[in-house]
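So you can see what is in the structure, the chains are spelled out below.
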Amino acid sequence: MRKQKGFSLIELLIVVAIILIIAAIAVPNLLRALMAANEASAVATLKQVGTANATYAAFYNVGYAGMLAFLGPPGGACASITSVCADLLDATASGVAPAALTPVKSGYRFTYTAQVVAPTVVAPNVTYTIVAVPVLAQQTGVSTFCFDNTVAIIRDTAGTLVGAGPAGCAATWPLGGSVAPL
């Protein structure tokens, strides 16, 4: 009788079981790493908005941008760089492409608020606020973040605070509890 070569069914089942055990350990760690990366990207985007807004205020002499799209690249309604298309922020973060008032980037939705939508020299924006909220809580991120003209990022680790007014983060995000400067 000839001896057969290959693996038995029991040996294959053992290998499959080992692979499933390793996957069960690795997947939650992968999801946590993905959420941490999304949160780091949200913070970096908030810093980019702050830098873009400071440049905008210095260059156009009307205070801060009235809308997040004003910081974005030319396109659609404006063909050149102006105060409504300053080209200081990428198209995704500014909500230019795809067009959105509250753009989504790396699992976070960004909501920008300013005092005046169309600032002028006579009526400039002296404050602004931008809040980053996870699109799917506990899946794309845990914390919410707030950034304003004071150049401080405040994080709500519970993810319960989701908005802020044009007066800034400190007015609506009281320090204490789960809220802390980052």
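Our structure's up above, just so we're on the same page.
Owing to the predicted nature of the structure, the values given are computational and were not obtained by experimental measurement.

Visitor: Sorry, what's going on with the overall build of the protein here?
Guide: Helix and strand content of the protein: three helices and six strands. In the protein, the succession of helices and strands from N to C terminus is α-α-β-β-β-β-β-α-β. Each principal axis of the C-alpha distribution contributes one length, and for the protein these read about 100 × 45 × 20 Å. Counting the 182 residues in the protein, one finds 36% classified as buried. Expressed as a percentage of contacts within the protein between residues at least 6 apart in sequence, the contacts between residues at least 24 apart total 47%.

Visitor: Quick question: what am I supposed to make of the packing of aromatic side chains here?
Guide: The geometry of an aromatic ring pair is captured by two quantities: the separation of the ring centres and the angle between the planes. Evaluation of the coordinates by the stated rule reveals six aromatic pairs. Taken together, a centroid distance of 4.9 Å and an interplanar angle of 85 degrees make the contact between phenylalanine 59 and tyrosine 60 edge-to-face. Classification of phenylalanine 59 by relative accessible area gives exposed; the value is 64%. Plain terms: the ring middles of tyrosine 108 and phenylalanine 145 are 6.0 Å apart, the flat faces sit at 50 degrees to each other, and that makes the pair tilted.

Visitor: Sorry, what's going on with the pattern of salt bridges here?
Guide: A pair can form between side chains of opposite charge whenever their charged atoms are brought close. Counted according to the given criterion, the structure contains one salt bridge. One salt bridge connects lysine 105 with aspartate 90, and the closest N-O pair in it is separated by 3.2 Å. Pair noted here: lysine 105 is in strand E1 (residues 104-105) and aspartate 90 is in the loop between helix H1 (9-60) and helix H2 (91-94), with a separation of 15 residues, a long-range link. The partly exposed category is assigned to aspartate 90, whose relative accessible area is 32%.

Visitor: Explain the state of the cysteines here, please?
Guide: Here a disulfide denotes a covalent bond joining the sulfur atom of one cysteine to the sulfur atom of another. Evaluation of the coordinates by the stated rule reveals one disulfide. Each sulfur of the disulfide joining cysteine 146 and cysteine 169 lies 2.0 Å from the other. Handedness here is read from the sign of the S-S torsion; for cysteine 146 and cysteine 169, about -95 degrees, the answer is left-handed. Within this pair, whereas cysteine 146 is found in strand E4 (residues 144-148), its partner cysteine 169 is found in helix H3 (residues 169-172), the two being separated by 23 residues in sequence. Both residues of the pair, cysteine 146 and cysteine 169, count as buried.

Visitor: Explanation requested: the pairing of strand E2 (residues 108-114) in the structure shown.
Guide: Residues in a regular strand project their side chains so that they alternate between the two faces of the sheet. What you see with E2 is a clean split: Tyr108, Phe110, Tyr112 and Ala114 sit on the buried side and Arg109, Thr111 and Thr113 on the side with no burial. In this sheet, E2 lies alongside E1 in antiparallel orientation, the contact comprising two bridges. Directly across from valine 104, in E2, lies its bridge partner arginine 109. Between E1 and the antiparallel strand that follows it, E2, lie two residues; serine 106 among them carries a positive phi value of about 50 degrees. As defined by bridge partners, E2 adjoins strand E3 (residues 128-134) across seven bridges and the pair is classed as antiparallel. Along E3, the bridge assignment pairs tyrosine 108 with proline 134.

Visitor: Explain the nonpolar core here, please?
Guide: For soluble globular proteins, the rule of thumb is that nonpolar side chains tend to be buried together. In this structure, Leu46, Val49, Tyr56, Leu71, Tyr112, Ile130 and Phe145 are the most contacted members of the largest nonpolar core, which totals 26 residues. Taken together, the elements giving at least two residues each to this core come down to H1, E2, E3 and E4. In terms of residue count, H1 provides more of this core than any other element does, seven residues in total. Here tyrosine 56 is in contact with Asn61, Val62, Gly63, Tyr64, Ala65, Phe70, Leu71, Ser83, Ala86, Leu88 and Pro119, once residues within four sequence places are set aside. Ranked by size, the runner-up nonpolar core spans seven residues in total, among them Val131, Cys146, Ile154 and Cys169.

Reading the values: rules and limits
- Residues numbered from 1 in each chain as written.
- Predicted model: local features only at pLDDT ≥ 70, side-chain atom pairs only at ≥ 80, totals over all residues.
- Heavy atoms only, no water.
- Helix = DSSP H or I, 4+ residues; strand = E, 2+ residues; numbered from the N terminus.
- Buried < 20%, exposed > 50% of the residue type's maximum accessible area, 1.4 Å probe, protein only.
- Contact = heavy atoms within 4.5 Å.
- Phe/Tyr/Trp six-rings, centres within 6.5 Å; stacked < 30°, edge-to-face > 60°.
- Salt bridge = Lys/Arg side-chain N within 4 Å of Asp/Glu carboxyl O.
- Disulfide = S-S within 2.5 Å.
- Pairing = 2+ DSSP bridges.
- Core = buried A, V, L, I, M, F, W, Y, C linked by side-chain atoms within 4.5 Å.

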